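# Structural overview for review
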Amino acid sequence: MAKATAPSKLETEIKVRLTDRAAFTAQLPAAGFHVLTAETMERNLLFDTPESRLRQRGELLRIRQYGDRCILTHKAPAEKSASATHKVRVETETAIENGEALAAVLERLGYKPIFIYEKFRTEWADNEGHIMVDGTPIGDFVELEGEPDWIDRTAAKLGIPPEKYLT
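For clarity, every value in this text was computed on a predicted model and none was experimentally measured.

### Section: the sheet that holds strand β4 (residues 69-75)
The 8 strands lie next to each other as β1-β5-β4-β3-β2-β6-β7-β8, forming a closed barrel whose pairing is antiparallel. Mean inter-strand twist for the sheet, computed between neighbouring axes without regard to direction, equals 35 degrees. The pairing of strand β1 (residues 8-18) with strand β8 (residues 139-145) spans 6 bridges and is classified as antiparallel. Residue Leu-18 lies in a different strand from β8, and its bridge partner there is Asp-140. Taken strand by strand, helix α3 (residues 99-108) contacts β2 (34-48), β3 (60-66), β4 and β6 (112-125), and its axis lies near 160 degrees from that of β3. Docked against the sheet, helix α4 (residues 148-157) engages β1, β7 (130-136) and β8, running at close to 135 degrees with respect to β8.

### Side note on the pattern of salt bridges
Opposite charge on two side chains allows them to pair when their charged atoms are near. Tallying each qualifying case throughout the model produces 18 salt bridges. In this structure, Glu-143 engages Lys-15 in a salt bridge whose closest nitrogen and oxygen atoms are separated by 3.5 Å. Placement of Glu-143 in strand β8 and of Lys-15 in strand β1 is noted, with a sequence separation of 128 residues between them. On the basis of relative accessibility, which here comes to 32%, the residue Lys-15 falls in the partly exposed class. The partner of Lys-119 in a salt bridge is Asp-134, and the shortest N-O contact between them spans 3.3 Å. With a gap of 15 residues between them, Lys-119 in strand β6 and Asp-134 in strand β7 connect regions that are remote in the sequence. Within the structure, one salt-bridge network assembled from shared partners comprises Lys-15, Glu-42, Arg-64, Lys-119, Arg-121, Asp-134 and Glu-143.

Conventions used here
Residues numbered from 1 in each chain as written. Predicted model: local features only at pLDDT ≥ 70, side-chain atom pairs only at ≥ 80, totals over all residues. Heavy atoms only, no water. Pairing = 2+ DSSP bridges. Helix = DSSP H or I, 4+ residues; strand = E, 2+ residues; numbered from the N terminus. Axes fitted to C-alpha atoms, helices over the stretch in contact; angles between N-to-C directions. Contact = heavy atoms within 4.5 Å. Salt bridge = Lys/Arg side-chain N within 4 Å of Asp/Glu carboxyl O. Buried < 20%, exposed > 50% of the residue type's maximum accessible area, 1.4 Å probe, protein only.

By themselves these figures say nothing about function.
Listed below in structure tokens is the structure:
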């Protein structure tokens, strides 16, 4: 029998709590970033077994509704990065046509919806990485995703010191 494989990528990122989302966002064009996706509502539904096996292993299984797109994501446990200041994990994603139908399939397979979170996200990019600016009910955050050197250079350029990194 053939082995099923899906494209995976190594995701390297940091997150930082923002005190002034508007001021942070205002500096991005001058720093060389352009908008990839204007502010869009995002709804995330996380799944796990009733015994929380995925969480215990540091894994994540999610259906994300982002505008008119729906994406299934699996994140493997976080790996130790060389600098220990970045979160690094294997991420496998695929577009899906019907999130509600997939949620029903996952539930029939024994997974349960365990957490829902929503946010407004704006995506920015330069030639090397991505910046996601999120407005959430618990505060505003920025996520820098790319190569570790790019993350550190970009964070410094945007006035974010390493001690503010959240992983």
